[in-house]
Each structure stands twice: as C-alpha cells, then as structure tokens.
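# Commentary on secondary and tertiary structure
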Amino acid sequence: MTQTPRPGPVADPPSAPPPSLPALGRRTVLVAGAAGALTVATGGGAWAGPATSARPLGRRPGHHAGGSPDHVGSVRRAQDFLDAMTDAYPDVNPGPRMAQSYADQLGLFSTAFVYDVALTICASLTGGRTERARVLADGLVFAQEHDPVYDDGRLRQGYNTGPYTFYDGNPQPYGLELPDGTANIGWQFGFLGTAVGDMAWPGIALAHTYAATGERRYLDAAVRIGDWILANTWSERTLGGFSFGVDGANTPVPNGSTEHNIDCVAFFRLLRALEGGRRWARAADHARRFVDRMWEPRGGYFYTGTNDGEAINPEPLPLDPQTWGWLALRENRYGRALDWAASDLAATDRAGSAGSQLPDGVTISGVTFSSASLDSTASYNGIPVHPEGVWLEGTAQLACAFADRDRGRRDAGRVEALLAQVRRAQAEVGAGQTVGGRALPARAGVVAASSLLDSGFGFGYFQVQHTGATSWYLMAAAGVNPMQVNGLRRARHH
C-alpha cells in the first residue's frame, strides 16, 4: 500500500472529538495516520461557501518565473498563498514554524503535515523565497530536536502550528512550541506515527536548504533522518527495500510502498552527494532494487507496493509512483509510466455532471489519484464521490515530470496544457476559504481536488486549498525537479 490520506472539509463537526480514527498512514497504514482519517472520523457535509466575516491575510508579491502575464500572476498568487499559510499565527510562532497544510474548511484546524511542509520548502526555494524556506526548515529541525518522547531523529506525521478549539470544546492555545519547550505533536487527531516517505521528503527539503544556505544544521538534521530510516525500516524480506515505518505506538508496520522507496532513492542520493559515505549509496541501491521489482514492463507502470514484504500488491495503481519514478530515476523505460498515467488516469470534471462540485460553466481536466478512483462508488460524509474528479496535486506532479522529461521538447504542449488546467482551478475553485479564520488571498491556493474523489485506498480528496498541491504547481511551473541533486536550480519556463 502507499498514499497518505488527506481529508476534506467538515461543515458540521461533532460536539465531541472522534472516538477513534481508522488505521491509516501516509498515502495509508499508520495508525491514526494522516490527514484523510478525519474525513471518515468527524462526519459532516461538504463545505458550503465562503466565510463572511474573515479579514484578508496576504503577503507582498515575491519572485516569480517568467512567462505570460497569466502565468506570472498565477505564480505570484500561489507564492502569496504559501506566505499566508506559513505566517498565519505570528503571535505564537515568532521563530521556527510550520505552514498549515490545508485551509480551515478541511476541519483539521492548524495541522501541518511534514510532507506538505517539505514541499512548501522546495517551492519556496524554487521561487527565491529563501527566508521562508529557512524558517520552515527551522521548524522541522525544532520538531526533530524537541520531540516529547523520542530523541532518535524521527519526525511525526503532523504537528499543531497554531491555536484552535477542538471539537470537544477544549482549547489548544499554542503554536509549534509548547510551554515546556517540546514540539506540539498532532495528538488530537492521532498524527503520531512516522512513515518512511514522511521522513524522506523532509530530508530532501532539508538537504536542499543546506545547499541553498550552507548552514550545516540542515544537513545534520537530514542525516539524522537518514539514520532513523536505516535503523528502523531496512527490510530483509523477499522484496527488500524499506518498510512503511512505525505507528503512533512505535510498532513497526510491515507494508512496503513503491512511492516511499522512490523517495528514499532520491533522498539517499542527495545525502551521498552532500555528505558522502558509502552507506548512503548502499541505502539508495537497496531502495532502488525494491522499486525495480515493482515495475510492470508489459503495462508500463509501477505497482503500488507490498502488504507483507513478500508478495506484490497489484492494485489499485496510484499516480505518484509513476511521476516520482521518473523524477527520481530518470530512466527511459520508466518514462513510459508518465504516458500510462496521462492516458489511463485521465479525468475531466464538468460542472453539472453527476457528482461534480464545480461552479457553473467550469470544466477542469487532468489526472485522478489511482485506477480505482475512476469507477469508485464510495461516499464520504454522506457525499458520493465523483469518478471524474481531478486530483490537482497529481496533475501538477505529472506536469513537473513531463517538464523534466522534455529534453526534445516533445512534452512541452502537455506541460502547458496541464499547467493551464491547474491555473483554471486556482482561479475558479476554492473561493472564500480561510486560514486561522482569516481570508486567504484571492485566486491563490490550489485545491486538492476539483470535486470530491476517492483515492481507492480508503480516503478521499476534497475541494480545499492545499499547500502540497500549490507547491507542486509552483515547481512544475518553474520546471524544477526536487528529487535530483541541484534539481531546484534547474528552472525552465514554459
């Protein structure tokens, strides 16, 4: 299995906190694992509309890539959204902090997932926002060094980054740092586990921050992450690679994820380049062998992984191993997976069609989350999913991968077409959403999905603005590759 659930909006939260959360993890099996748990646990309907009393929260325009006025303005607004999510709680986060992952309408309050924080760092470095990247990287370092239980280099899946009142009426008045000096881990929602992918991406982001700033503490933190992965998840089972991680009780999870092992290939290669040492080369090779075993040459795609380390799980087939397989490995045979994803996971969401939540007159095309998304009949919070819902984060990932593959310019048209669809979603979907109760900049953040969709892994994606989707859009628009050494310096404009 793979994939971290990321939840949708909650309009009618319960009067008491969820009695229990399903066993889910980063993109799915860590206990009380990641954002999508809440969509099942809390109930409630889809978000009904914009806030009416929120006051604007925006930042000054920053560095942007070249291109058409439409492209330039879109990139600037997307960076403004990341500013707003990063700086939403200045009174409680004067120093290191993490960006809230989703707009308030998701129902997770100020939760910051470390995967999303890592992407926000990479997008910030891409846009020349080095100080924003530094303050977020400092947040990861702080969390690593001030865990309330462990001192072994791990990060939890999610943290609280600002004040809120929980569903049971209990206030959570703090930012990332609690009064006792420890990190404010996401215990209210059970985001306490540690997944390999949720470690590798912060490691990648910290390595890029070190390369950009020369500040050794970022590389030291990345090395501690690498050491934790090696010590806790190295699998000796038949398929090898690295296992999923540990749950909130520190119990090992035996699943192996193709996506996570691709993350590890990229991360360990970065460590080898920046710190040196044969152990990182050996670790990258160990992860790479697992990934190679997951390749299906007849179909031209990667399988999702294994449930037990012994047998390959053949379905569903998710998008991100296909896109990240290219970004991390850049091997011609794996380039076929991009073409498979573009055709076999294609989706078009049209306003007025059954299940669509798009505003009148809007159509958005792109890709969905997995092969199971296209014929799902699931419901979340009593709302049926839309089989043609577009996963905007994945659509931006695919654009990023096509841009990186585009050595002969054969993919240039595909890249621009995908980016145009994300820009349309940015302009037309998610209006009136908030962070910390204050209005987000208009037409700035990219929603997770055009309409409610089912991942096929037991969680859904909703029409809520998301730092992860926005960050992948920014990296795709700049033509960079966060999974390569010096990959954030390779900006090309489309």
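Computed from a prediction, not measured in an experiment: that's the story for all the values here.

### What to know about the sheet that holds strand E6 (residues 245-246)
Overall, antiparallel pairing links the three strands, which are arranged E5-E6-E7 in an open sheet. Across the chains shown, the open sheet's two edge strands, defined by having one partner strand only, are strand E5 (194-195) and strand E7 (252-253). Of the strand pairs in this sheet, E5 and E6 are connected by two bridges, and their pairing is antiparallel. When the sheet's bridge partners are listed, Ala195 is paired in E6 with Gly245.

### Digging into the packing of aromatic side chains
Taken as a whole and assessed by the stated rule, the structure comprises 29 aromatic pairs. Ring geometry for Tyr301 against Tyr303: centres 5.7 Å apart, planes inclined by 85 degrees, an arrangement best described as edge-to-face. Both residues of the pair, Tyr301 and Tyr303, count as buried. Centroid distance Trp391 to Tyr461: 5.4 Å. Interplanar angle 45 degrees. Geometry classified as tilted. Separated by 70 residues along the polypeptide, Trp391 in the loop between strand E16 (383-384) and helix H11 (392-405) and Tyr461 in strand E20 (residues 460-461) bring together distant segments of the chain. Residues Trp391 and Tyr461 agree in their burial class; the two are buried.

### What to know about the confidence of the model for the protein chain
Mean pLDDT for the protein chain: 88, with 85% of residues reaching 70 or above. Low pLDDT (under 50) marks residues 1-66, which in the prediction has 253 contacts with non-local residues, meaning those over four places away or in another chain.

### Section: the pattern of salt bridges
For the structure on display, the rule yields 26 salt bridges. As a salt-bridge pair, Glu215 and Arg217 come within 2.3 Å of each other at their nearest N and O atoms. The residue Asp227 makes a salt bridge to Arg279 at a minimum N-O spacing of 2.3 Å. Of this pair, Asp227 sits in helix H6 (residues 216-233) while Arg279 sits in helix H8 (residues 278-293); the two residues are 52 residues apart in sequence, bridging distant segments of the chain. Residue class for Arg279 comes out partly exposed when judged on its relative accessible area of 36%.

### Thoughts on the packing of H6 against H8
Between H6 and H8, the least distance of the axes is 12 Å, while the angle of their chain directions is 55 degrees. Judged by the inter-axis angle, H6 sits oblique to H8. Along this stretch, H6 crosses H8, giving a crossing that reads as left-handed. Contacts from Val223, Gly226, Asp227 and Leu230 in H6 reach Arg279, Trp280 and Ala283 in H8. A per-class count over the contact of H6 with H8 returns four nonpolar, one polar and two charged.

### As for the environment of Trp324
Structurally, Trp324 is set in helix H9 (residues 320-329). On the basis of relative accessible area, Trp324 is assigned to the buried category, the value being 0%. In this structure, the C-alpha to C-alpha distance between Trp324 and Gln397, residues 73 residues apart in sequence, is 8.0 Å. Polar contacts involving the side chain of Trp324 include one to the side chain of Gln397, which spans 3.3 Å.

### Overview of the sheet that holds strand E11 (residues 305-306)
Pairing in this open sheet of three strands is antiparallel, and the strands run E8-E11-E12 from one edge to the other. In this open sheet, the two edge strands, each paired with only one partner strand, are strand E8 (256-257) and strand E12 (312-313).

### Digging into the environment of Ala99
Here Ala99 shows up in the loop between helix H2 (69-86) and strand E1 (111-113). Sequence separation of Ala99 and Ala88 is eleven residues, and the distance between their C-alpha atoms is 7.9 Å. When residues no more than four places from it in sequence are discounted, the contact partners of Ala99 are Met85, Thr86, Ala112, Val117 and Leu136.

### Considerations on helix H10 (residues 332-344)
The end-to-end C-alpha separation of H10 is 19 Å, in line with the 18 Å expected for 13 residues at 1.5 Å each. By the burial criterion, the buried members of H10 are Tyr334, Gly335, Ala337, Leu338, Trp340 and Ala341.

Conventions we followed
- Residues numbered from 1 in each chain as written.
- Predicted model: local features only at pLDDT ≥ 70, side-chain atom pairs only at ≥ 80, totals over all residues.
- Heavy atoms only, no water.
- Pairing = 2+ DSSP bridges.
- Helix = DSSP H or I, 4+ residues; strand = E, 2+ residues; numbered from the N terminus.
- Phe/Tyr/Trp six-rings, centres within 6.5 Å; stacked < 30°, edge-to-face > 60°.
- Buried < 20%, exposed > 50% of the residue type's maximum accessible area, 1.4 Å probe, protein only.
- pLDDT = per-residue confidence, 0-100.
- Contact = heavy atoms within 4.5 Å.
- Salt bridge = Lys/Arg side-chain N within 4 Å of Asp/Glu carboxyl O.
- Axes fitted to C-alpha atoms, helices over the stretch in contact; angles between N-to-C directions.
- Parallel < 35°, antiparallel > 145°, perpendicular 65-115°, else oblique.
- Left-handed = near helix turned anticlockwise from the far one by under 90°.
- Nonpolar A, V, L, I, M, F, W, Y, C, P; charged D, E, K, R; others polar.
- Polar contact = N/O pair within 3.5 Å; in protein donor to acceptor, adjacent residues only side chain to side chain.
- Expected span 1.5 Å × (residues − 1).

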